[in-house]
Amino acid sequence: MDTVILIEAFHLHKTFGDTRAVNDLSLSVAAGEIYGLVGPDGAGKTTTIRMLCGALHPSEIGKGGTGPGAHPSIHIAGYDLLKHTEQARSQIGYLAQRFSLYEELTVLENLRFFAEVRGLSVSEWRPRCLDILSFVGLADFINRRAGFLSGGMRQKLGLAAALVHRPKVLLLDEPTTGVDPVTRQDFWQLIIRLVVEEGVAVLVSTPYMDEAVRCNRVGFMRKGDMLIEGSPDELRSRLDGRILELRGYPLAKLRSLVKADQDVEDVQMFGDRLHLRVREGMEKAVLRRLGREIQAQGGRVDLLRPIQPQLEDVFISLLEGQD
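It should be emphasised that the depicted structure is a prediction, and the values quoted were computed from it without experimental measurement. (Residues numbered from 1 in each chain as written. Predicted model: local features only at pLDDT ≥ 70, side-chain atom pairs only at ≥ 80, totals over all residues. Heavy atoms only, no water.)

This next bit is on the environment of Arg 166. Topologically, Arg 166 is positioned in the loop between α5 (151–163) and β7 (169–173). With 18 residues separating them along the chain, Arg 166 and Phe 148 place their C-alpha atoms 27 Å apart. (Helix = DSSP H or I, 4+ residues; strand = E, 2+ residues; numbered from the N terminus.)

In structure tokens form, the structure reads like this:
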């Protein structure tokens, strides 16, 4: 079965005065795929999404100036966004970081507004709105005023508004920031159902690594550049055999002792444990000597073992490489 590419962008640049927010970025997302944009604040994730939905126009520049291959292009479900903007936008469902509701209107009235803005007729909007509210779990709250919704319910209504016109492409800008873990889980179950049942292409920016792992592919951005992209497994394999987990007491002292080891490149705290990134090929040597060295210095080792790398480990190593 042929892969259908629904989001395709090449050579995206965006400058604001002297600040280059996005620098020669290219990406593609297929039908039935979730693509995660990950990166620290100021990486360019939101600017990228706003260009993809037509809210911002790309800048006509290249890394070395204008020239062949430097001109931006964006295609959404086969439509050229820069030339046929309205046709392309009709294929997009967009949920911004701060979804704006009409607080004096009910859930159903809000959704009706967005449906009619998208051109749905009276005979179309009501059954579609009721279906989509049932899908996102708000069917029992259609008469509640939006101003009385919880943060998680607001985000679900935002998702419903983005889906009301049956888009082929869904652009989500940090959709779960500020909501509780249970709501985040519910929200992602909805996204996965959309991908499986309707074959939409989803591009989502997120600061959460547990969400990035749910994506089919992940792109890591920093200062406007796409540093690396691939499946979560592909990215984690970059550090295979180089991550150790250490538990013991006192943790602060252990961290200081471990950082002094010549074969330990980095130490990060993960709750009540440490993740050590060791030089390539030195895992066994560090394991043999580190426990003895810590105990000799008055520390206690409860557990020291090799573990599978996490995406946090990969991204921290990438950031250090850039620095």
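On to helix α10 (residues 283–296), then. Along its 14 residues, α10 runs 20 Å from first to last C-alpha, staying within 8% of the 20 Å computed at 1.5 Å per residue. At Arg 289, α10 shows its largest kink, close to 30°. Taken together, the buried positions of α10 are Glu 283, Ala 285, Val 286, Arg 289, Leu 290, Gly 291 and Ile 294. On its buried face, α10 is in contact with β11 (243–249), α9 (251–259), β12 (264–270), β13 (273–278) and β14 (300–306). Looking one or two places after α10, you find Gly 298, whose phi comes out positive at around 90°. (Expected span 1.5 Å × (residues − 1). Bend = angle between axes of the 7 residues up to and from the residue. Buried < 20%, exposed > 50% of the residue type's maximum accessible area, 1.4 Å probe, protein only. Contact = heavy atoms within 4.5 Å.)

With that settled, the discussion passes to the sheet that holds strand β6 (residues 92–95). Sheets are built from strands paired through backbone hydrogen bonds, the pairs being either parallel or antiparallel. Across the sheet, which stays open at both edges, the six strands sit in the order β6-β7-β8-β3-β9-β10 with mixed pairing between neighbours. The open sheet has two free edges, formed respectively by β6 and β10 (225–230), since each of these has just one partner strand. The sheet shows a mean angle of 15° between the axes of neighbouring strands, taken without regard to direction. As paired strands, strand β3 (residues 34–38) and strand β8 (residues 201–205) are joined by four bridges and run parallel to one another. Along β8, the bridge assignment pairs Tyr 35 with Leu 203. Contacts from α5 reach β6 and β7, with the element oriented near 160° to β6. (Pairing = 2+ DSSP bridges. Axes fitted to C-alpha atoms, helices over the stretch in contact; angles between N-to-C directions.)

Turning our eyes to something else, we now look at the confidence of the model for the protein. The pLDDT averaged across the protein works out to 92; a share of 96% of its residues lies at or above 70. For the stretch residues 63–68, pLDDT sits under 50, and the model shows seven contacts to residues farther than four places along the chain or on other chains. (pLDDT = per-residue confidence, 0-100.)

A few words on the packing of aromatic side chains. Under the defined criterion, the tally for this structure stands at three aromatic pairs. With centroids separated by 5.4 Å and ring planes inclined at 80°, the aromatic side chains of Phe 113 and Phe 114 adopt a geometry described as edge-to-face. Between the aromatic rings of Phe 220 and Phe 315, the centroid separation amounts to 4.3 Å while the plane-to-plane angle is 5°, which identifies the pairing as stacked. Of the two residues, Phe 220 is situated in strand β9 (residues 217–222) and Phe 315 in helix α11 (residues 311–322); the sequence distance between them amounts to 95 residues. When its relative accessible area of 3% is taken as the criterion, Phe 220 is described as buried. One Lys or Arg, Arg 184, reaches over the ring of Tyr 208 and ends 4.1 Å from the middle of that ring. (Phe/Tyr/Trp six-rings, centres within 6.5 Å; stacked < 30°, edge-to-face > 60°. Lys NZ or Arg CZ within 6 Å of the ring centre and 35° of its normal.)

So, about the state of the cysteines. Each disulfide is one covalent bond, formed between the sulfur atoms of two cysteines. In the structure shown here, the tally under the stated rule is zero disulfides. As a non-bridged cysteine, Cys 53 has Cys 215 as the owner of its nearest cysteine sulfur, 18 Å distant. (Disulfide = S-S within 2.5 Å.)

Before going further, it helps to spend a moment on the pairing of strand β2 (residues 19–30). Across eight bridges, the pairing between strand β1 (residues 5–16) and β2 is antiparallel. The partner of Leu 12 across the bridge, within β2, is Leu 25. In textbook terms, the turn of a hairpin is the stretch between consecutive antiparallel strands, and for β1 and β2 this stretch comprises two residues, one of which, Gly 17, has a positive phi near 65°.

On the surface, Tyr 102, Phe 113 and Val 117 cluster together into a nonpolar patch covering about 290 Å² of accessible area. Looking at Val 117, the relative accessible area reads 56%, which means it is exposed. (Patch = residues over 30% accessible without salt bridge, like charges linked within 9 Å, V, L, I, M, F, W, Y side chains within 5 Å. Areas by Shrake-Rupley, 256 points an atom, 1.4 Å probe, with all protein chains shown as cover. Salt bridge = Lys/Arg side-chain N within 4 Å of Asp/Glu carboxyl O.)

The subject of this paragraph is the sheet that holds strand β4 (residues 73–76). Here four strands make up an open sheet; going across it, the order is β2-β1-β4-β5 and the pairing antiparallel. The open sheet is flanked by β2 and β5 (79–80), the only strands paired with a single partner. Along the sheet, helix α1 (residues 45–52) makes contact with β1, β2 and β4, crossing β1 at roughly 120°.

According to the stated counting rule, one finds 25 salt bridges in the structure shown. One salt bridge connects Arg 145 with Glu 104, and the closest N-O pair in it is separated by 3.1 Å. Here the residue Arg 145 occupies a position in the loop between α4 (122–136) and α5, and Glu 104 occupies one in the loop between β6 and α3 (107–117), the gap between them amounting to 41 residues. Under the relative-accessibility criterion, Glu 104 is labelled exposed at 58%. Ionic pairing is found between Asp 261 and Arg 289, a salt bridge with its closest N-O pair at 2.8 Å. Of the two residues, Asp 261 sits in the loop between α9 and β12 while Arg 289 sits in helix α10, which places them 28 residues apart along the sequence. By relative accessible area, Arg 289 is classed as buried at 18%. What emerges from the salt-bridge pattern is a single network uniting Arg 242, Glu 265, Asp 266, Arg 277 and Glu 320.

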